[in-house]
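# Tertiary structure, described
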Amino acid sequence: MHEMSSIVNLRLKTCFHIQEIEAGLWNKIGREDAFQSYQWYFYAEKVMLDCRPFYILAYDNEELVGRATFYLVPSEPLPIQPTFLRNIAQKI
């Protein structure tokens, strides 16, 4: 059996706006899913103005090999019924 070993040199980068990332690099990963495209995240930033995005990119040398997106949502509605209990829980 012949084993191959490779050294992976991962580097992480954090961005706070999709415009900080090259569209071509972003679209190399997940290009078959429209809801993962650069254009989709560009749109999301426009319509979710109150939610701060975080993009974490993983590079092997200069090649983008992974990415993750997180949003800081300031007022996510709690799934509590009735409404008066939800209002109390949200204040806590």
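Just above, that's the structure.
Residues numbered from 1 in each chain as written. Predicted model: local features only at pLDDT ≥ 70, side-chain atom pairs only at ≥ 80, totals over all residues. Heavy atoms only, no water.

Let's shift gears to the overall build of the protein chain. The number of helices and strands found in the protein chain is 3 helices and 3 strands. In terms of C-alpha radius of gyration, the protein chain reaches 19 Å, well past the compact-globule figure of 12 Å for 92 residues. Out of the 92 residues belonging to the protein chain, those deemed buried represent 22%. At a minimum sequence separation of 6, the contacts of the protein chain that also span at least 24 residues come to 49%. As presented, the protein chain carries roughly 7300 Å² of accessible surface, and 59% of it is formed by carbon and sulfur atoms. Across the protein chain, the 9 positively charged side chains and the 11 negatively charged ones have centroids separated by 9 Å. (Helix = DSSP H or I, 4+ residues; strand = E, 2+ residues; numbered from the N terminus. Rg over C-alpha atoms; globule rule 2.2 N^0.38 Å. Buried < 20%, exposed > 50% of the residue type's maximum accessible area, 1.4 Å probe, protein only. Contact = heavy atoms within 4.5 Å. Areas by Shrake-Rupley, 256 points an atom, 1.4 Å probe, with all protein chains shown as cover. Lys, Arg positive; Asp, Glu negative; His and termini not counted. Charge placed at Lys NZ, Arg CZ, Asp CG, Glu CD.)

Quick look at the sheet that holds strand 2 (residues 52-60) now. Read from one edge to the other, the open sheet built from 3 strands follows the order 1-2-3, with strand pairing classed as antiparallel. Strand pairing shows two members of the sheet lacking a second neighbour, strand 1 (10-15) and strand 3 (63-72), which therefore form its edges. Strand after strand, the sheet turns through a mean of 20° between neighbouring axes, direction not considered. With 6 bridges joining them, strand 1 and strand 2 adopt antiparallel strand pairing. Bridge pairing links Leu10 to Asp60 in strand 2. (Pairing = 2+ DSSP bridges. Axes fitted to C-alpha atoms, helices over the stretch in contact; angles between N-to-C directions.)

What follows deals with the packing of aromatic side chains. Under the criterion given, the structure shown has 6 aromatic pairs. For the ring pair Trp26 and Tyr55, a centre distance of 5.6 Å and an interplane angle of 90° mean the geometry is edge-to-face. On the criterion of sequence distance, the pair formed by Trp26 in helix 1 (residues 23-28) and Tyr55 in strand 2 is long-range, its members being 29 residues apart. Residue classification places Trp26 among the buried positions, given a relative accessible area of 0%. Judged by relative accessible area, Tyr55 falls into the buried class, the value being 0%. Between the aromatic rings of Tyr41 and Tyr55, the centroid separation amounts to 6.1 Å while the plane-to-plane angle is 80°, which identifies the pairing as edge-to-face. On the criterion of sequence distance, the pair formed by Tyr41 in helix 2 (residues 38-47) and Tyr55 in strand 2 is long-range, its members being 14 residues apart. A relative accessible area of 9% places Tyr41 in the buried class. (Phe/Tyr/Trp six-rings, centres within 6.5 Å; stacked < 30°, edge-to-face > 60°.)

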